[in-house]
Each structure stands twice: as C-alpha cells, then as structure tokens.
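# Chain and residue survey
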Amino acid sequence: MYYRQLGMIPHKRHTMFKKEDGSLFREQVMGTRGFSGTQSILYHHHMPTEVVKAEFAGSYLPEYEEQQTLKHRHFFTNKVMREGNALTAREYLLGNHDLLIGTANVTEAMNSYYRNGDGDELLFIHHGSGKLETMFGTISYRPGDYLVIPIGTIYRVVPTPGIPTKLLFVEAFSQITTPKRYRNEYGQLLEHSPFCERDIRGPEDLLTYEEKGEFEVVTRSRGAIHSHILGHHPFDVVGWDGYLYPWAFNIEDFEPITGRIHQPPPVHQNFEGNNFVVCSFVPRLYDYHPESIPAPYYHSNVNSDELLYYVKGNFMSRKGIQEGSITLHPSGIPHGPHPGKIEASIGKKETLELAVMIDTFHPLKVVKQANELEAADYMFSWI
Ligand SMILES: [Fe+2]
C-alpha cells in the first residue's frame with residue numbers, strides 16, 4: 001500500500017488540532033505489528049475509547065466435520081439458502097487456523113457496525129453492487145471487486161436496495177497484501193506485476209457523523225464476538241492519512257501473464273496472507289507454442305490445498321462445474337483435467353473463464369454444514 005490522505009489533518013502529527021469551538025480533535029494512531037507495520041493516523045470528534053457497555057456474545061468459529069477419507073470435494077454455494085446482512089449471512093464452508101472461507105447472500109444493510117480484530121478480511125463481490133462504509137470513508141463496489149479490509153477497521157456493507165450481493169469471503173488471521181515479489185524495496189509495484197497502483201481504489205467520500213448516542217460495534221477478537229456500545233457515532237473521523245486503509249481492486253484490472261507454453265499458477269497470484277495465497281484466473285489468450293497443451297497438466301501440490309471458486313465462463317478442465325461452485329483439491333494426492341478436456345483444449349486460442357483460487361499451505365477443514373452443498377462422488381468423476 002502507499003500513502004493516502006482524506007479529509008482534514010493538522011500540518012504536523014501529534015500536535016494540537018482544534019475544532020471551531022477550540023476543543024481538540026482526538027488523534028488515533030492505528031497500525032500493524034506494534035509500531036513497525038503499516039499505519040494511519042485518524043482524527044476523531046470523540047475519543048475512540050468511549051465505550052459505555054461491553055458484552056461477550058460467544059464464539060464465531062465454525063465446527064468442522066470429522067476427519068474422513070482424503071478426497072477431492074465439490075460444493076455448490078448457490079445452494080446456500082441463508083440470507084441477511086454482510087455479517088449474519090456468512091456461511092462458513094472451509095477453514096483452518098490461518099483463514100476462514102465462505103460465501104454470503106447479502107440482502108440487507110448491516111444494522112450495526114463491525115470490526116474484525118482477529119485479522120484482515122477479503123470480500124470478493126460475485127454479484128451485486130453497493131457501498132462499503134468505513135471509518136476511513138466509503139468505497140462503492142461492483143461485481144468483480146475484491147475489497148481488502150484491514151484488521152480493526154470499523155465498517156458496514158450497504159447493498160444497493162433490491163439487488164442482493166453474493167460474495168466470497170476470506171477472514172484471515174493475518175495481514176492480506178499484494179505479493180511481495182511484485183513490490184520493490186520502497187513498496188512500489190514493479191513493471192512485471194499484473195496490476196499497478198492505478199488499479200487500486202481507496203476510500204472516496206469521508207462521511208463524518210458528530211452525533212452522540214449509543215452505537216453498537218460488533219467486534220471479533222480471539223475467536224469470539226464481543227458487543228461494544230460506543231457513546232458516539234463510530235464514523236466520527238474528520239480526516240486521516242497513512243498507509244493503512246481499506247481498498248478495492250477489480251478482477252478485470254488483473255492483466256494476465258501468458259506464454260508459449262502453460263504458465264504455472266503463481267502467475268495468477270493477486271494477494272497473499274500468512275500461509276495462503278489468492279489468485280485470479282481471468283479471460284486470457286492461450287499458450288502459443290504450436291504444440292502447446294493449454295489445459296493444465298496433472299499436478300500434486302504436495303503440501304498445499306487448492307480451492308477454486310468459479311465465477312463466470314466455461315471451465316475448460318472440469319465437467320459438472322457451475323457458477324458459484326467451489327472445488328477443493330487437497331494436498332497429498334494429484335489432481336488435473338477431467339477425461340477428454342486436455343485433447344479438447346488443443347488448438348484453442350483463448351479462455352473466458354473467471355475464477356478465484358485460494359491455495360493454503362496448511363490443510364483446509366470442511367465445515368459440518370457444507371456437506372449439504374456437496375456434489376456426490378466428485379472424487380470419482382475422472383473415471
Ligand atoms: Fe491445481
């Protein structure tokens with residue numbers, strides 16, 4: 001990330017910044033890794049510590065199924081019936097101690113405010129539009145957007161009325177960043193990166209609410225939900241600057257890296273967190289060696305699990321896949337194209353597929369309820 005500023009800030013940090021009535025705005029330094037990571041400085045009308053009530057509301061961690069036979073899995077997320085706001089609609093499907101993954105059918109605005117104190121969140125917008133309102137300002141979202149929301153950011157999601165938002169979410173227990181190999185020592189994205197700073201959208205409008213009153217902020221921390229009632233509106237920031245803020249990147253702005261022969265999955269990498277990566281498979285020209293095979297080879301990523309979320313287009317290497325399908329190809333066993341798909345790919349010039357891949361370096365566990373969404377016998381669909 002790079003430096004941004006929105007709203008009013010004083011000329012010098014940690015100096016008096018006065019309101020018209022002579023009282024002080026309250027300065028908050030918000031940063032990661034102690035004071036060694038990225039940070040921003042925000043200026044509030046009220047003390048961010050003004051909490052009138054705090055209550056414990058139980059664990060939010062999902063229950064996983066028992067260990068079972070190692071198999072490739074296929075889940076239809078379009079079968080998820082749960083609806084609600086961007087928090088209550090979350091259907092957890094897979095996870096481990098590095099991240100939680102699921103989908104949500106968001107049909108209404110969040111009725112309170114929310115912050116994840118356990119890590120960054122990544123929301124991929126499959127369908128729908130709306131606004132991500134945050135303490136740093138508002139970001140309008142549209143299909144194909146990845147919304148990256150740093151740990152501790154107070155926010156709410158407001159879908160466009162009448163248009164449900166379907167999203168894929170990743171709740172990380174770490175920071176989500178762009179791949180390090182695409183950044184130089186100063187943090188700038190390099191020429192061989194498939195995207196650049198111009199593609200990154202920060203908060204646009206900073207809406208400031210001065211009002212006092214009781215406002216709930218649902219806080220996640222230590223695997224549990226806590227209700228904090230603030231004595232003022234949580235969006236009381238008049239200005240901020242720094243490197244820590246929510247941002248959006250649209251998958252259409254990912255410029256595919258192609259070659260004469262099949263390119264390996266890392267060329268599709270878009271984000272990384274601790275022990276996982278997120279890749280974007282976008283419409284692209286196929287390999288142009290006269291003898292090339294565009295479909296992937298069979299492969300064993302021996303110690304990483306590979307999850308694919310299918311967004312749009314036809315998926316050349318698989319059969320039975322629908323929009324919103326999730327496949328899980330676990331570590332330890334090989335996977336690859338379905339019968340006939342390799343031959344069918346030869347001579348093809350381009351693909352229109354759009355998919356999000358999440359590779360985890362520790363095994364993913366399947367959430368109990370996800371069984372109800374599962375395709376039968378996917379493991380044996382290569383026969
Ligand atoms: Fe794979």
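Structure: above.
All figures in this text were calculated on a predicted structure; none of them were measured in a lab. (Residues numbered from 1 in each chain as written. Predicted model: local features only at pLDDT ≥ 70, side-chain atom pairs only at ≥ 80, totals over all residues. Heavy atoms only, no water.)

## A few points about the overall build of the chain
Broken down by element type, the chain carries one helix and 28 strands. Over its C-alpha atoms the chain spans a radius of gyration of 22 Å, differing by no more than 12% from the 21 Å that the globule rule assigns to 383 residues. Taking the principal axes of the C-alpha coordinates as reference, the chain spans close to 75 × 45 × 40 Å. Relative to its full complement of 383 residues, the chain shows a buried share of 56%. Taking the intrachain contacts of the chain between residues at least 6 apart in sequence as the baseline, contacts between residues at least 24 apart amount to 75%. Carbon and sulfur atoms make up 53% of the accessible area of the chain, which amounts to about 17800 Å² in all. Averaged over its 36 positive side-chain charges, the chain has a centre that lies 2 Å from the centre of its 46 negative ones. (Helix = DSSP H or I, 4+ residues; strand = E, 2+ residues; numbered from the N terminus. Rg over C-alpha atoms; globule rule 2.2 N^0.38 Å. Buried < 20%, exposed > 50% of the residue type's maximum accessible area, 1.4 Å probe, protein only. Contact = heavy atoms within 4.5 Å. Areas by Shrake-Rupley, 256 points an atom, 1.4 Å probe, with all protein chains shown as cover. Lys, Arg positive; Asp, Glu negative; His and termini not counted. Charge placed at Lys NZ, Arg CZ, Asp CG, Glu CD.)

## Brief notes about the coordination of the iron ion
Only His299 (NE2), Glu306 (OE), Glu306 (OE) and His335 (NE2) from the protein reach the iron ion as donors, at distances of 1.9 to 2.5 Å. Considering all four donor atoms around the iron ion, angles at the metal cover 57 to 165° and the coordination shape is irregular. Sequence spacing of the donors to the iron ion: H-x6-E-x28-H. The pair histidine 299 / glutamate 306 is uniform in exposure class, with both members buried. (Donors = N, O, S within 2.8 Å, 3.2 Å for Na, K, Ca; no water. Tetrahedral: all angles 85-135°; square planar, octahedral: opposite > 155°, others 65-115°.)

## Brief notes about the sheet that holds strand β2 (residues 26–31)
Spatial strand order, β1-β19-β3-β2: four strands in an open sheet with antiparallel pairing. Edge positions in the open sheet fall to β1 (4–7) and β2, since each of these has one partner strand only. Pairwise comparison of adjacent strand axes, ignoring direction, gives a mean angle of 15° for this sheet. Bridge analysis of β2 against strand β3 (residues 39–44) gives six bridges, and the strand direction is antiparallel. Within β3, the position partnered with glutamine 28 by the bridge is leucine 42. (Pairing = 2+ DSSP bridges. Axes fitted to C-alpha atoms, helices over the stretch in contact; angles between N-to-C directions.)

## A short note on the sheet that holds strand β22 (residues 276–281)
Overall, antiparallel pairing links the six strands, which are arranged β5-β25-β24-β27-β22-β21 in an open sheet. The open sheet terminates on both sides in strands that have one partner only, identified here as β5 (73–76) and β21 (269–273). Averaged over neighbouring strand pairs, the angle between their axes works out to 15° when direction is ignored.

## What about the nonpolar core?
Of all hydrophobic cores here, the largest spans 54 residues; its most connected members are Tyr146 and Val356. Counting 25 residues, the second largest nonpolar core, distinct from the first, contains Tyr60, Tyr92, Tyr141 and Leu167. (Core = buried A, V, L, I, M, F, W, Y, C linked by side-chain atoms within 4.5 Å.)

## A few points about the layout of surface pockets
By volume, the largest pocket amounts to about 610 Å³. Taken together, 28 residues make up the lining of the largest pocket; nearest its centre are Met1, Thr38, Gln175, Thr177 and Arg183. Looking at side-chain class alone, the lining of the largest pocket contains ten nonpolar, eleven polar and seven charged residues. (1 Å grid on protein atoms, 1.4 Å probe; cavity = no way out; pocket = protein on both sides within 12 Å on 5 of 7 lines; lining within 4 Å. Points joined across faces, edges and corners; volume = space filled by probe spheres on them. Nonpolar A, V, L, I, M, F, W, Y, C, P; charged D, E, K, R; others polar.)

## Here's the deal with empty space enclosed by the protein
Under the criterion given, the structure shown has four cavities of 30 Å³ or more. Taken together, Met1, Tyr2, Thr178, Arg183, Gly187, Leu189, Glu197 and Ile200 make up the full set of residues lining the second largest cavity.

## Regarding the packing of aromatic side chains
Considering all chains together, one arrives at 15 aromatic pairs under this definition. On the numbers, 5.0 Å between centres and 80° between planes, the contact of tyrosine 113 with phenylalanine 235 is edge-to-face. Linking tyrosine 113 in strand β9 (residues 113–116) with phenylalanine 235 in the loop between β18 (224–232) and β19 (237–242), this pair joins segments that are 122 residues apart in sequence. Just as tyrosine 113 is buried, phenylalanine 235 falls in that class too. For the pair tyrosine 114 and tyrosine 155, a centre-to-centre distance of 5.2 Å together with 75° between the ring planes defines the contact as edge-to-face. Placement of the pair is tyrosine 114 in strand β9 and tyrosine 155 in strand β14 (residues 155–159), with a sequence separation of 41 residues. Across this residue pair, the class does not change: tyrosine 114 and tyrosine 155 are buried. In this structure, arginine 90 is placed above the aromatic ring of phenylalanine 169, and the distance from its NZ or CZ to the ring centre is 5.3 Å. A cation sits over an aromatic face here: arginine 220 above tyrosine 60, 4.1 Å from the ring centre. (Phe/Tyr/Trp six-rings, centres within 6.5 Å; stacked < 30°, edge-to-face > 60°. Lys NZ or Arg CZ within 6 Å of the ring centre and 35° of its normal.)

## Some thoughts on the pairing of strand β7 (residues 90–95)
The two faces of a sheet get side chains in turn, since along a regular strand they alternate between them. Extensive coverage of β7 is indicated by the burial of six of its six residues. The hairpin turn running from β7 into strand β8 (residues 99–106), its antiparallel successor, is three residues long. Relative to strand β28 (residues 365–366), β7 is paired through two bridges, and the arrangement is antiparallel. Of the residues in β28, the one forming a bridge with leucine 94 is valine 366.

## Focus: the pattern of salt bridges
The final tally for this structure, using the stated rule, is eleven salt bridges. Residues joined in a network through salt bridges with shared partners are Arg90, Glu121, Glu171 and Arg220. (Salt bridge = Lys/Arg side-chain N within 4 Å of Asp/Glu carboxyl O.)

## Quick look at the side chain of glutamate 353
Tracing the backbone through its elements, the reader meets glutamate 353 in the loop between β26 (350–351) and β27 (354–360). Here glutamate 353 falls in the buried class, since its relative accessible area comes to 8%. In terms of polar contacts, glutamate 353 uses its side chain to reach the side chain of arginine 284, at 3.0 Å. (Polar contact = N/O pair within 3.5 Å; in protein donor to acceptor, adjacent residues only side chain to side chain.)

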